[in-house]
Number of protein chains: 4
Amino acid sequence: MNSVDELTTALTALHIPSTHVTVGVANLIASHKDLRTLLVNRRLPEHGWSDVQIQHVLYTMATLDTNNKRSGSSSSDDSGSSRWCGVGEREGRVYSALVSSRHFGLSHGVGRSGDIAEPQPKALGSTVLAKLTLCLVLDAVRRGSGLHPQTAAKSGILLPLCTGMSMALVLGTLRQLQDNHQTSANAAIKPYRNIVLWSRIDQKSCFKAIQSAGLECVVVPTRLAGDAVVTDLDAFQASLLTYGDRVLAVVTTTSCFAPRVPDQVDAVARLCAEQCVPHVINNAYGLQSSDTSKLLNRACAVGRVDAIVCSTDKNFMVPIGGAIVLSPDESLIQNVGKVYAGRASASPMLDLFITLCSMGLRGYQQLLTSRRILLPTFTERLKEVANKYGERVLECRTNCISFGVTLDGLVRPPRQDEDDVAYRTSVSRDVSSLGAMLFQRCVSGTRVVPRGTVQRMGGMEFCGFGSSHDAYPHAYLTAACAIGLTASEGDDFFTRLDQTLHEFQKRQRRRA
Amino acid sequence: MNSVDELTTALTALHIPSTHVTVGVANLIASHKDLRTLLVNRRLPEHGWSDVQIQHVLYTMATLDTNNKRSGSSSSDDSGSSRWCGVGEREGRVYSALVSSRHFGLSHGVGRSGDIAEPQPKALGSTVLAKLTLCLVLDAVRRGSGLHPQTAAKSGILLPLCTGMSMALVLGTLRQLQDNHQTSANAAIKPYRNIVLWSRIDQKSCFKAIQSAGLECVVVPTRLAGDAVVTDLDAFQASLLTYGDRVLAVVTTTSCFAPRVPDQVDAVARLCAEQCVPHVINNAYGLQSSDTSKLLNRACAVGRVDAIVCSTDKNFMVPIGGAIVLSPDESLIQNVGKVYAGRASASPMLDLFITLCSMGLRGYQQLLTSRRILLPTFTERLKEVANKYGERVLECRTNCISFGVTLDGLVRPPRQDEDDVAYRTSVSRDVSSLGAMLFQRCVSGTRVVPRGTVQRMGGMEFCGFGSSHDAYPHAYLTAACAIGLTASEGDDFFTRLDQTLHEFQKRQRRRA
Amino acid sequence: MNSVDELTTALTALHIPSTHVTVGVANLIASHKDLRTLLVNRRLPEHGWSDVQIQHVLYTMATLDTNNKRSGSSSSDDSGSSRWCGVGEREGRVYSALVSSRHFGLSHGVGRSGDIAEPQPKALGSTVLAKLTLCLVLDAVRRGSGLHPQTAAKSGILLPLCTGMSMALVLGTLRQLQDNHQTSANAAIKPYRNIVLWSRIDQKSCFKAIQSAGLECVVVPTRLAGDAVVTDLDAFQASLLTYGDRVLAVVTTTSCFAPRVPDQVDAVARLCAEQCVPHVINNAYGLQSSDTSKLLNRACAVGRVDAIVCSTDKNFMVPIGGAIVLSPDESLIQNVGKVYAGRASASPMLDLFITLCSMGLRGYQQLLTSRRILLPTFTERLKEVANKYGERVLECRTNCISFGVTLDGLVRPPRQDEDDVAYRTSVSRDVSSLGAMLFQRCVSGTRVVPRGTVQRMGGMEFCGFGSSHDAYPHAYLTAACAIGLTASEGDDFFTRLDQTLHEFQKRQRRRA
Amino acid sequence: MNSVDELTTALTALHIPSTHVTVGVANLIASHKDLRTLLVNRRLPEHGWSDVQIQHVLYTMATLDTNNKRSGSSSSDDSGSSRWCGVGEREGRVYSALVSSRHFGLSHGVGRSGDIAEPQPKALGSTVLAKLTLCLVLDAVRRGSGLHPQTAAKSGILLPLCTGMSMALVLGTLRQLQDNHQTSANAAIKPYRNIVLWSRIDQKSCFKAIQSAGLECVVVPTRLAGDAVVTDLDAFQASLLTYGDRVLAVVTTTSCFAPRVPDQVDAVARLCAEQCVPHVINNAYGLQSSDTSKLLNRACAVGRVDAIVCSTDKNFMVPIGGAIVLSPDESLIQNVGKVYAGRASASPMLDLFITLCSMGLRGYQQLLTSRRILLPTFTERLKEVANKYGERVLECRTNCISFGVTLDGLVRPPRQDEDDVAYRTSVSRDVSSLGAMLFQRCVSGTRVVPRGTVQRMGGMEFCGFGSSHDAYPHAYLTAACAIGLTASEGDDFFTRLDQTLHEFQKRQRRRA
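Keep in mind it's a predicted model, so treat the numbers as computed, not measured. (Residues numbered from 1 in each chain as written. Chains lettered and ligands numbered in written order. Predicted model: local features only at pLDDT ≥ 70, side-chain atom pairs only at ≥ 80, totals over all residues. Heavy atoms only, no water.)

Chemist: Residues and numbers for the overall build of chain A, please.
Modeler: Counting its regular elements, chain A contains 15 helices and 16 strands. Along the first, second and third principal axes, the C-alpha atoms of chain A reach 95 × 60 × 45 Å. The buried share among the 512 residues of chain A stands at 67%. Restricting the contact set of chain A to residue pairs at least 6 apart, pairs at least 24 apart contribute 72%. Averaging the coordinates of the 54 positive side-chain charges in chain A and doing the same for the 46 negative ones gives two points 1 Å apart. (Helix = DSSP H or I, 4+ residues; strand = E, 2+ residues; numbered from the N terminus. Buried < 20%, exposed > 50% of the residue type's maximum accessible area, 1.4 Å probe, protein only. Contact = heavy atoms within 4.5 Å. Lys, Arg positive; Asp, Glu negative; His and termini not counted. Charge placed at Lys NZ, Arg CZ, Asp CG, Glu CD.)

Chemist: Got a sec to walk through the relation of the copies chain A and chain D? Specific residues and values, please.
Modeler: Superposition of chain A onto chain D requires a rotation of 180° combined with a translation of 0.0 Å along the rotation axis, giving an RMSD of 0.0 Å. Viewed as a symmetry operation, the transformation between the two copies matches a two-fold axis. Minimal C-alpha separation from the rotation axis in chain A is found for Arg102 of chain A, amounting to 2.5 Å. Interface overlap between copies: 100% of the residues of chain A at the interface are likewise at the interface in chain D, consistent with a symmetric, same-surface contact. (Least-squares fit on C-alpha atoms with pLDDT ≥ 70 in both.)

Chemist: Could you give an account of the interface of chain C and chain D, with specific residues and numbers?
Modeler: In this assembly, 72 residues from chain C lie in contact with 73 residues from chain D. When chain C packs against chain D, the two sides together hide about 6000 Å² of surface, and 60% of this comes from carbon and sulfur. Taken together, chain C and chain D are joined by 2 salt bridges. Counting across the chain C and chain D interface gives 21 residue pairs in polar contact (both at pLDDT 80 or more). Those elements that provide at least two residues to the side of chain C that touches chain D are α1 (4-12), α2 (18-41), α3 (51-64), α5 (124-144) and α13 (347-388) of chain C. (Buried area = accessible area lost by both parts, 1.4 Å probe. Salt bridge = Lys/Arg side-chain N within 4 Å of Asp/Glu carboxyl O. Polar contact = N/O pair within 3.5 Å; in protein donor to acceptor, adjacent residues only side chain to side chain.)

Chemist: Could you give an account of the sheet that holds strand β11 (residues 402-406) of chain D, with specific residues and numbers?
Modeler: All names here are of chain D. On the basis of which strands lie adjacent, the open sheet formed by 3 strands has the order β11-β16-β13 and antiparallel pairing. A single partner strand is all that each edge strand has here, and the edge strands are β11 and β13 (447-449). Neighbour-to-neighbour, the strand axes of this sheet turn through a mean angle of 25°, independent of strand direction. Note that β11 and strand β16 (residues 476-480) share 5 bridges and pair antiparallel. Looking at β16, one finds that Ser402 is bridged to Ala480. Against the sheet, helix α13 (residues 347-388) touches β11 and β16, its axis set at about 10° to β11. (Pairing = 2+ DSSP bridges. Axes fitted to C-alpha atoms, helices over the stretch in contact; angles between N-to-C directions.)

Chemist: Which residues make up the environment of Phe353 of chain C, and what values go with them?
Modeler: Residue and element names in this part refer to chain C. Considering the arrangement of structural elements, one finds Phe353 in helix α13. Using a relative accessible area of 0% as the deciding quantity, one classes Phe353 as buried. For the pair formed by Phe353 and Asp291, sequence separation is 62 residues and the distance between their alpha carbons is 26 Å. Each residue touching Phe353, except ones within four places of it in the same chain, is listed here: Leu38, Val57, Leu58, Leu129, Leu132, Thr133 and Leu136.

Chemist: Explain the nonpolar core residue by residue, including any values.
Modeler: Counting residues in hydrophobic clusters, the biggest one holds 444 residues, and the most contacted among them are Leu171 of chain A, Leu171 of chain B, Leu171 of chain C together with Leu171 of chain D. If we skip the residues at most four places from it in the chain, Leu171 of chain B touches Val196, Ile210, Ala213, Leu215, Leu248, Ala249, Val251 and Val280 of chain B. (Core = buried A, V, L, I, M, F, W, Y, C linked by side-chain atoms within 4.5 Å.)

Chemist: Go over the interface of chain A and chain D with me, naming the residues and quoting the values.
Modeler: Contacts between the two partners involve 102 residues from chain A, matched on the other side by 102 residues from chain D. Across the chain A/chain D interface, buried area totals approximately 8700 Å², and carbon plus sulfur atoms make up 59% of it. Of all residues in chain A, the largest losses of buried area upon contact with chain D belong to Val87, Tyr95 and Arg102 of chain A, amounting jointly to 10% of the total for that side. At the junction of chain A and chain D, the tally comes to 6 salt bridges. Residues Glu489 of chain D and Arg93 of chain A are paired through a salt bridge, measuring 3.2 Å at the closest nitrogen-oxygen approach. Viewed at the interface, chain D and chain A are joined by 41 residue pairs in polar contact (both at pLDDT 80 or more). For the side of chain A that touches chain D, the element with the highest residue contribution is helix α13 (residues 347-388) of chain A, accounting for 11 residues. Tallied by class, the residues present in the side of chain A that touches chain D amount to 45 nonpolar, 34 polar and 23 charged. Where strand β12 (residues 443-444) of chain A and strand β1 (residues 85-86) of chain D come together, 2 bridges link them in parallel fashion. Of the residues in β1 of chain D, the one forming a bridge with Val443 of chain A is Cys85 of chain D. (Nonpolar A, V, L, I, M, F, W, Y, C, P; charged D, E, K, R; others polar.)

Chemist: Could you give an account of the confidence of the model for chain A, with specific residues and numbers?
Modeler: Predicted confidence across chain A gives a mean pLDDT of 92, with 95% of residues reaching 70 or more. Scored as a whole, the predicted complex attains pTM 0.96, and scored at its interfaces, ipTM 0.95. (pLDDT = per-residue confidence, 0-100.)

Chemist: Summarise the UniProt feature "binding site: tRNA" (unreviewed entry) in chain A; cite the residues concerned and give the values.
Modeler: Residues and elements named next belong to chain A. As recorded in UniProt, the feature "binding site: tRNA" (unreviewed entry) lies at Arg441 and Lys506. The class for Arg441 is partly exposed, based on a relative accessible area of 25%. Those residues in contact with Arg441, other than ones at most four positions away along the chain, are Arg496, Thr500 and Glu503. Tracing the backbone shows Lys506 in helix α15 (residues 487-511). (UniProt positions renumbered as here; feature names shortened; annotations may be inferred.)

Chemist: So, the packing of helix α6 (residues 163-179) of chain D against helix α7 (residues 204-212) of chain D: which residues are in play, and what are the values?
Modeler: Residues and elements named next belong to chain D. It is the contact of α6 with α7, at a shortest axis distance of 8 Å, that shows an interaxial angle of 30°. By the criterion of interaxial angle, the relationship of α6 to α7 is roughly parallel. Taken as a pair, α6 and α7 cross one another with a handedness that is right-handed. Contact with α6, carried on its side by Gly164, Met167, Ala168 and Leu171, involves Ser205, Cys206, Ala209 and Ile210 of α7 and no other residues of that element. When grouped by side-chain class, the residues that make up the contact of α6 with α7 number 6 nonpolar, 2 polar and no charged. (Parallel < 35°, antiparallel > 145°, perpendicular 65-115°, else oblique. Left-handed = near helix turned anticlockwise from the far one by under 90°.)

Chemist: Tell me about the packing of aromatic side chains, residues and numbers included.
Modeler: Summed over the entire model, instances satisfying the criterion amount to 50 aromatic pairs over all chains. With a centroid separation of 5.7 Å and an interplanar angle of 70°, the aromatic rings of Tyr59 of chain B and Phe104 of chain B are classed as edge-to-face. In this pair, Tyr59 of chain B is assigned in helix α3 (residues 51-64) and Phe104 of chain B in the loop between α4 (97-102) and α5 (124-144), connecting sequence segments 45 residues apart. Ring centres of Phe462 of chain B and Phe465 of chain B lie 6.3 Å apart, and the angle between their planes is 70°; this geometry places the pair in the edge-to-face category. Phe465 of chain B matches Phe462 of chain B in its accessibility class, with the two residues each being buried. Through a chain of ring-to-ring contacts, the aromatic side chains of Tyr59 and Phe104 of chain A together with Tyr59 and Phe104 of chain B assemble into a single cluster. Across from the ring centre of Phe257 of chain B, 3.9 Å away, lies the NZ or CZ of Arg447 of chain B, which sits over that ring. (Phe/Tyr/Trp six-rings, centres within 6.5 Å; stacked < 30°, edge-to-face > 60°. Lys NZ or Arg CZ within 6 Å of the ring centre and 35° of its normal.)

Chemist: I'd love a proper account of the side chain of Glu91 of chain C, names of residues and values included.
Modeler: Residues and elements named next belong to chain C. Looking at the secondary structure, you find Glu91 in the loop between β1 (85-86) and α4 (97-102). Note on Glu91: relative accessible area 4%, which makes it buried. Reaching out from Glu91, the side chain makes a polar contact with the backbone nitrogen of Val87 at a distance of 3.4 Å.

Chemist: Which residues make up the environment of Ile308 of chain A, and what are the values?
Modeler: All names here are of chain A. Position of Ile308 relative to the elements: it lies in strand β9 (residues 307-311). Given the relative accessible area of 0%, Ile308 is considered buried. Sequence spacing of Ile308 and Val280 is 28 residues, and the spatial spacing of their C-alpha atoms is 6.0 Å. Once residues lying within four places of it in the same chain are set aside, the contact partners of Ile308 are Ala152, Ile281, Asn283, Leu296, Ile324, Val325 and Leu326.

Chemist: Describe the relation of the copies chain C and chain D, naming the residues involved and giving the relevant values.
Modeler: Mapping chain C onto chain D calls for a rotation angle of 180° and an axial translation of 0.0 Å; the resulting RMSD is 0.0 Å. Taken together, the interface assignments show that 99% of the residues at the interface of chain C recur at the interface of chain D, consistent with an identical surface on both copies.

Chemist: With reference to specific residues and values, describe the environment of Thr312 of chain C.
Modeler: Tracing the backbone through its elements, the reader meets Thr312 of chain C in helix α11 (residues 312-316). With 25 residues separating them along the chain, Thr312 of chain C and Leu287 of chain C place their C-alpha atoms 9.4 Å apart.

Chemist: Break down the sheet that holds strand β11 (residues 402-406) of chain A for me, with residues and values.
Modeler: All names here are of chain A. Taken in spatial order, the 3 strands of this open sheet run β11-β16-β13, and their pairing is antiparallel. Of all the strands in the sheet, the pair left with one neighbour each is β11 and β13 (447-449). Strand-to-strand twist in this sheet, taken as the mean axis angle between neighbours without regard to direction, amounts to 25°. As paired strands, β13 and strand β16 (residues 476-480) are joined by 3 bridges and run antiparallel to one another. Looking across to β16, one finds that Arg447 is bridged to Thr478.

Chemist: Lay out unusual backbone geometry with the relevant residues and their values.
Modeler: Going from Ala258 of chain A to Pro259 of chain A, the amide bond is cis rather than trans, its omega being 10°. The backbone of Cys276 of chain B shows a phi angle near 55°, a positive value even though the residue is not glycine. A positive phi angle, close to 55°, is found at Met317 of chain B, a residue other than glycine. Tracing the chain through its elements places Met317 of chain B in the loop between α11 (312-316) and β10 (323-327). By relative accessible area, which is 8% here, Met317 of chain B ends up buried.

Below, the structure is given as structure tokens:
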């Protein structure tokens, strides 16, 4: 229908009472208006849309792509019915009707060979969805998560990559930007910025990302502050001095497992500003915490932040597969798009579009609020269970997502004849088994960390692996109160944790 | 978007090159034009539509209904986001997102309490779809199947009922129409038209339909014409004389299993015209055969035909659940709609809409053609297999869908000491087992009919049940070359039939 | 996989750690156990299932049908890959992949030509689903709605028909059962039970259903009891005397719009028991009210109830299309199945299966509870709005779903020169316009009933149509607090009602 | 059901005839057997599976993941019904039912933080699917495309990345492998292998990929051989000498637009073997051509090939988003998996799994055959159209996917007063406009290349951009006969090409 008037005329000609037509068409007009508002304002709708409305928009978008004017998928009619004919090497043809339907007919992905953010001539609909989704997610992190629209969340790009690979892409972009200041001929001989200073956090993907980018990772150790494992600013300063202009970037982290707490990214940002060193923040699942957003805003205000990398699945409850890179610097973001060479799956973006439209601003805020409301109970009940077994919750105030419980007292004492090494090894194995016990009781997501584990990663050795500190003085387990957790799920967890600790204690006593 | 111009403006503002926008929007305009053509012409599109285009239309229609302006199904946001509020006893609410999605958000069904063809104020989209689907199916039976647009297929109604129940509804309508000519006070005492003359066909649903309608079925026997079981016109004439003005209607059948052939509905129609008796034709799966359509056209031309009842699933390859009643008489059709008291599932209509849009006229014609092209091979190969075992294909020329093969010689001869009754019973059981043997070899749809089976149905006894004749002289099996059969399926059938007959023969010889 | 052990072996051979395999397979075992429990106990699961689990079961069922061993829908591969070959006239072939997918591959419908409850040889999965769904819905009405498992809800049948047509089918069954006691030859001359006594309720479908069944409807008038329109037991007794053995059945109603209240079905049941007359109850949307269930249980305990007809969409939040007929008499139910001649759409049953599995007993109970909790606020706020405009809520205590508000004072007084008829006509039109005003404000489901409307239906005239009483003394509007209504929807309604009455009052004053 | 016996027992208890149960359960057993065969043999099924069978497997897999034992998505029941409780930061929770359903409940993606090929403890089903899909695609390229199972297609990895990014990942892996032979301390000062020799091909993504990987691209020019643009082996040899041990890898291409033909990868492989330099082949859409497969096999046989990168969308008709990296060297493949740091979207893998199961080996072979069969007609008709306008098809024998047509004569001659530069610029613009003209006629995928275009890319300048040669002597347009092209699409193309050239000629004559 070219216009609502035409539709009204056509429907009335079907002998449908004009009052019915008017009411029904008013619904369509309202829906068109919603889409128009979305396209013009590019902000989350206040209230979530229905699945019907979302799919109406998706199929409208699919119609804008060139591959969807063919005859029915199940048709054996091969008689010239198609509006488009394609004689390229890639024409968005999809073999399986099932596959086509799960993509709502959108098959061209996003981006072009030169830039993942570039519009595709053959795929207007996919292009529009990609642009809109970026706008919606920026709106969500601004009005929902509370990142500052003029600094931390000034510009952004969606990548169909996990946090780690996105980190690698950002670091690759930074390297390329500096390379442009050198003649390539000298690159190999001149002292070359290839070092990344990384505030230690015991999680593989970020560390590997640095190596994947072809860069060298220098681990900046953390320090203890009570129970908490915190940023060692002195060590940072020292490392910056030591490596000087070989430092390509500093990488910090704001979402992590207890007892590690978010890095003091404001202080680090100040250092980076002083030293003119790029600063990339891994904020994988920090968007769900307003405290973290405030910390990031402060970092941008007082110092240098080049990019903030966030997972889409961990923050917005979509399947794994995407990341959003935020930056106060629009040109950096544009370069990230150019470094991703080629088209990419539109699937993670599509999930996000559907989810954000379905949530609306209110729905997203409500999810954030629900988590915040669960927090006091969560920590209170964790304390109760811990105390029941003579343990305690680790004091890590600035980490308000992940919480740790000591396991020191639950462990059996050494036997008389047992030497220290044998005891530690045996006990460490026992503690680890607690994780398996919980998993067998259908508790997922806890981490059990014994003392003094050593782990090799990318040619380096990490002592006390898991706690992000060489000599963390406790064995412990962690549990997170993350977005999407329900009260009843929490209840189940505490019941099962109690049972499991009880049984673990019994086993330990038996083994004593 | 109120208009394409608005959309173009909005997309261009997203920094998409205007040439891309133009091409993409041209696709949308073409799609709108297709919908407009559909609404205005109400005919099958020449070529089938893609699933994307079909779903785009379905979600547009769903938007026209009142129940689809609620927040996302998965949202727990209960904060006044809905455009509509419903305080009736039935508001199209759907509990399960999965259920809602399989109906594309359409939940109001079709029709109103007084008439299944009436528009629903709350559900403009469902109403439009119902009206369009009727137009499309009428177009398909006219331009595809070849029924005459001014007689046999002049008007029609879609019912979410099987052929049998639709037959009952039509007969009920005929009864009600005649009742209107009597004062209800006299109804019980006056000679009352409650007899239906039914040209015998051994299939339960039509016979039961007559009884379900509260009418009395008088079976008009068939007669043999060579191998074929044909209409006994003399018996019809006699019955019409016998029952006189107690006859409410005559029911004939044009799609049936061999050796029964389509009734001579033209001759019967002539009789009905002479006697002023309504004539209802069961054409369950006859739309796929152009010969049958010609027969029906002739019947309408030379005599009286009140209604032709056709299954939607058997003719259009949709799941079971619908029927189309055709009639040269528009007012009868309108009355059928009024006799169905209440709303009905829109699901069968929705299946048909999707299927017809997906086929287009060409796709439907191609299906009909494919069947016609398979026919000669099908009968040829059936003959080959039959001959191999000393049997033959029954000569039933006017049945060009179902074919019979005699089984007389395959059966073991009587043993010396075996009395006739015991022999017949034993052999009859053996013949029946052939059907099970085929089914176990994953051949479905064959019917194996031994000689002389007696079956009670609704208080009556039918001899020679299955062959529609009291004394059919052969045991036989039937197989159909129906719409949708593929060449390879046919190949498989003949291979397995051959194997099965071979084994059956061996077993019989062993038992001899 | 034939067994879980085989699966475990196969997965381990894929080099997946055996602990992962064990945990994952445990999920599958738990899921199989759920299905087994469902098949063995045939009761609602305590807690609702996930959509994944439901779909897993649906595709398992589809695999049991014969039509689903063909090659991919989008495949052009026609080379003998099918396990089954079909040479019947109906083989469950589905043209459109989109259609097939919305039925989860189930295309055979339910039932057979002779009986809608009969198993289908070609479609084991569809058969199982149909049987299970019936068991689940019986469990829901017993343990959820509170109907007595040994009387009111002893046995039941699901029909893919609306309430009205189901009523017609039940009445047709009753007629057929009595016919079996007569020789068909005498049927036309003997005094014949063809009268249905119907406690007046102004809703078209039930009344038409009686006529559709070919029966004569004798309207038993209601009487006023305060504001409420109630069953006139004396009139019933009188009618039973008058029509004697010409009465086939009595039809009453337990879910209705205010000011009509549920019929005193217990008292009527007692009358029916005394007179040996079948008693059919229209309980369209009464399952959502425990008071109604208690009333029905009482009726079964003290008198005669032959069938209770309930809508599935109105009670279980599924799309329109199904009904459940309940009966203390198993043999009646079996006969209803036989009267529906032929196969039927499985779609309404499928919706119900998904919905009931998705709800679980808890989910259904919660829906019922939510409605009950909203009730006091709903009536309270209705009173507030009514009082604000000098009107009041009608006192109809036993109707706890639908509520009425008088509109008497809002209407303008007669002008001096205006004669009575002109005034009444004009005011009646004005009152009706209030419904349109609400609809334009996106309020659906209210009914506005002016005084003294006359309506013809099936050859009869009904005075005071809408209120189910010849001389109801008020104009009024009704609103229902039905299952699925949310608090926010209620809020919206009262706000808009207030605004609309305000404007209506202004308009009336202007016209005075 | 733990076993088929249990199911049989349970179904029989539902009063379903045991013969029906046997037949239906046999279907399920057959389906289980298919799955078992798939898991054990890990090869493409001979014939494609139905969508029902595929979805049955997908939901079985989803059941193995930990996130799918929650109550129904649409349920508001938050009362402890879940089997699993998750207290990690990422629990596979999905907000939108629509999103969940498009992933069949699979939300955990693939891989773990350290390795994209690693099994996930929480997601057995996703893990199994990922492993199976890899096996299926390897089987497809071996038995379908014809790559040698012991060399070219010995091992492989699926990446949810486009070809370009996959190329970057492979190069990154090669760099990392060599780094392991150096102490990281020396890395910056020692002569460092950071040069990639790239046989020129004018397509952005591969070139950018090299830069994205932080490496330096040295362009090895091509040479003319008749019309064809071919590998300059001498230039390769020279470059290898020049850059010596600074060369990290050689990159060649086997699928390209005419007049570029596939690189002589066998000869290059021999050079690489001699020089001990890794050799990576971009075979983006070459799997559809058996000639290309033979070339690749030969290269592996006679020389060094480290990796072959192929697009999944271009070869298997799935939406954009994945690549398969093949290698004769299993350890390289394992390292590629480790360089992708983190989890990834399972969506591209899922599309491929569905598609390959849906195709089966036969379906895939048929697609390849269809393309081969279309080829002679395609080139024949291209010649006809070309000749009609005095042009010719470029002779590029070894490119059997893309074809070029000269445009030299169609272009207007220079005007008398026009200087050479102005003429060339004007004509170049004109030629380019031909592409737009075709696109406006809904022909997508042609490339129109004027003579002498200069393009800057990543700091370098490419003359004659588009033709992969500095001084290609013709303007031309290309069209591809790629997998999935239908005969009717081809017909449409030639008709429209003819019309467009006709109009272009007219325009040029007007401008002359």
